[in-house]
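One-letter residues, chain by chain:
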Amino acid sequence: MMHAQDTNNKAINDSAASFDVVVVGGGMVGSVLALGLGQQGFKVLLLEKQAVTTDWHASLPLQPRVSALTRASENILRNLGAWGGIEARRCHAFGAMHVWDEASVGQVHFSAADVGEANLGHVVENDVVQAALWEQLKGCEYVHIALNQALESLEFKDDQAWLTLDGLGKVVTPLIVGADGAFSKVRALAHIGLDTHDYQQCAVVGCVKTELSHQDTCWQRYQAAGPFAYLAMGNNMSSIAWYLPTHKMAWALSLSDEELARNIEIASDHRLGKVLEVGQRIAFALVRRHALHYVKPNLALVGDAAHTIHPQAGQGVNLGLLDAAVLLDVIVEAKAHGKSWGNFAVLRQYERARRGDNALVQRSMEGFDWLFNQQSALKTRLLNGFLPLANRLLPVKKWLMMQALNGRDGVPRLAKPFIFNNLGDASTRVKATSCNKFDI
Ligand SMILES: Cc1cc2nc3c(=O)[nH]c(=O)nc-3n(C[C@H](O)[C@H](O)[C@H](O)COP(=O)(O)OP(=O)(O)OC[C@H]3O[C@@H](n4cnc5c(N)ncnc54)[C@H](O)[C@@H]3O)c2cc1C
């Protein structure tokens, strides 16, 4: 098989531009992969449907879409040089997490101090993560960014993927990566099926100002209709995730600010007192999706293109970033051994490392939801017994917190702290330099 680095564009097709990897979708996951590959010297084409702005002002109101990032995700972003851009913009470290149920007396309190950590993660606006990543991407000479290029067709021949883009014509690559979200076109063009489950719930999200301080804590209350969460943001500001049956989505979006504030106070059991201000709100119907395959010869799916999950434990993008980091390891390793990274056996290593892990997290969310949704006396008795016990079992709590912070075993290189202590100095990386290319 032809090694991509040796591929002579002209030898394949006079009119096709050649890239080591084409990443479709420059969301958080696709951007991390493209940047990681670019920093390792791979020639990458990143296709994104919409413009991403790196321009950001502290006066901008808090955006409704936020993510609770784990330590593993923080490490990934740090190792790529993007964490500084996040801190320079806006993010909030949370030191504790408090979980309770409306029908039981028990509660569980997780605290960073119990595991000797400075915090349990950061709540960050998605736009902030995206802007910090794109700032790095724009400086990386190996990543070529093409905006608004509709992917018209995708074929596989001669151990290569051949793409047709409406504006740029033909592109050839040993590996196309679908990072184009839940409704992935790459997945559809590759005829990869989906296992789906409708949670019959929606999430209403937005930022609110409360009377009482959130105490740098994320609060999650379980109730029959679905969980409610406050994620700590700025001064008395929290992001909310209010889960409701899907048929209530239109109703929730039609509430006046005043009515929404009163409903949030009730859903949160007045934990942070009165809701004083509510910002822009949006809602999503929640569906679990799992691609039947993550890889085919010359193709891989990452992030929401491969899986979507109930967001109650805030794991979606964290899992996606681990996908990107593992795929990066697999590609770099293949190159080091002179193998093509589009080879099916090579790509299967990525699928084997990630599919089971993602499925486990998806299913545990359902188990959790099932338990808290039971409206029986047995559930109340179970929770009354279980929550106080869980709260006292410090070793179990510590284990759970470390899993949630760092992910499970087999952490990819990019998700480890201080990667450059292991790999040598940061200067040995391909330097992000002058190039700021928006087309090929
Ligand atoms: C209510 C809610 C709360 C959440 N909270 C959390 C949380 O706290 N923590 C967490 O880890 N996760 C959370 N998630 C999940 C998280 O938001 C997603 O998992 C994450 O955004 C997925 O990132 P992605 O890059 O894979 O996909 P996306 O963010 O969907 O990005 C896909 C990108 O591809 C582009 N694109 C699409 N089609 C094409 C095309 N044909 N050509 C070119 N470009 C294309 C899009 O414009 C977009 O930029 C939450 C989700 C929801 C719904």
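Residues numbered from 1 in each chain as written. Predicted model: local features only at pLDDT ≥ 70, side-chain atom pairs only at ≥ 80, totals over all residues. Heavy atoms only, no water.

This part takes up the packing of aromatic side chains. Following the criterion strictly, the structure yields 5 aromatic pairs and no others. Lying over the aromatic face of Trp162, Lys157 brings its terminal NZ or CZ to 5.0 Å of the ring centre. A cation over an aromatic ring shows up here: Arg271 above the ring of Trp100, its NZ or CZ 4.1 Å from the ring centre. (Phe/Tyr/Trp six-rings, centres within 6.5 Å; stacked < 30°, edge-to-face > 60°. Lys NZ or Arg CZ within 6 Å of the ring centre and 35° of its normal.)

Another point: the site of the ligand. Near the ligand there are 28 residues, and of these Glu48, Arg65, Ala68, Asp304 and Val317 occur at the shortest range. A distance of 2.7 Å separates an oxygen atom of the ligand from a polar atom in the side chain of Asp304. Coverage of the ligand by the protein amounts to 85% of the 1000 Å² it exposes when considered alone. Secondary structure elements with two or more residues in the shell around the ligand: helix H2 (28–39), strand S3 (44–48), strand S4 (66–69), strand S14 (194–210) and helix H9 (316–336). (Near = heavy atom within 4 Å. Polar contact = N/O pair within 3.5 Å; in protein donor to acceptor, adjacent residues only side chain to side chain. Areas by Shrake-Rupley, 256 points an atom, 1.4 Å probe, with all protein chains shown as cover. Helix = DSSP H or I, 4+ residues; strand = E, 2+ residues; numbered from the N terminus.)

Each α-helix winds once per 3.6 residues, and so residues spaced three or four apart point in a common direction. Among all positions of helix H8 (residues 257–267), only Leu260, Ala261, Ile264, Glu265 and Ala267 are buried. Projected onto a plane normal to the axis of H8, the buried residues spread over an arc of 165° and lie on a single side. Along H8, exposed side chains directed more than 90 degrees from the buried face belong to Glu258 and Ile266. Buried residues belonging to H8 abut S14, strand S15 (217–222), strand S16 (228–232), strand S17 (237–245) and strand S18 (275–291). (Buried < 20%, exposed > 50% of the residue type's maximum accessible area, 1.4 Å probe, protein only. Arc of directions from axis to C-beta. Contact = heavy atoms within 4.5 Å.)

Here we have 3 strands laid out as an open sheet, ordered S4-S8-S5, and antiparallel in their pairing. Pairing within the sheet leaves two strands with one partner each, and these edge strands are S4 and strand S5 (92–94). Shown here is a sheet whose adjacent strand axes are inclined to one another by a mean of 25°, direction ignored. The sheet contact formed by S5 and strand S8 (residues 121–125) spans 3 bridges and is antiparallel. Its bridge partner lying in S8, His92 is registered against Val123. Helix H5 (residues 126–138) contacts S4 and S8 of the sheet and is inclined by roughly 85° relative to S8. (Pairing = 2+ DSSP bridges. Axes fitted to C-alpha atoms, helices over the stretch in contact; angles between N-to-C directions.)

Now for the nonpolar core. What tends to happen in soluble globular proteins is that the nonpolar side chains get buried as a cluster. Ranked by size, the top nonpolar core spans 77 residues in total, and within it Val23, Ile76, Leu77, Leu133, Leu163, Leu327 and Tyr350 carry the most contacts. By residue number, the principal contributor to this core is H9, which donates 12 residues. The contacts of Leu77, once residues within four sequence positions are left out, are Val32, Leu69, Ala82, Trp83, Ile86, Val129 and Leu133. Formed by 20 residues, the second largest nonpolar core is a distinct cluster that contains Val208, Phe228, Ile240 and Ala261. (Core = buried A, V, L, I, M, F, W, Y, C linked by side-chain atoms within 4.5 Å.)

Before going further, it helps to examine the sheet that holds strand S20 (residues 299–301). Strand order in the open sheet formed by 6 strands is S9-S3-S2-S13-S20-S19, with mixed pairing between adjacent strands. In this open sheet, the two strands that pair with only one neighbour each are strand S9 (143–147) and strand S19 (295–296). Of the pairings in the sheet, the one linking S19 to S20 comprises 2 bridges and is antiparallel in character. Bridging from a neighbouring strand, Val295 pairs with Ala300 of S20. With respect to the sheet, H5 is in contact with S3 and S9, its orientation differing from that of S9 by roughly 120°.

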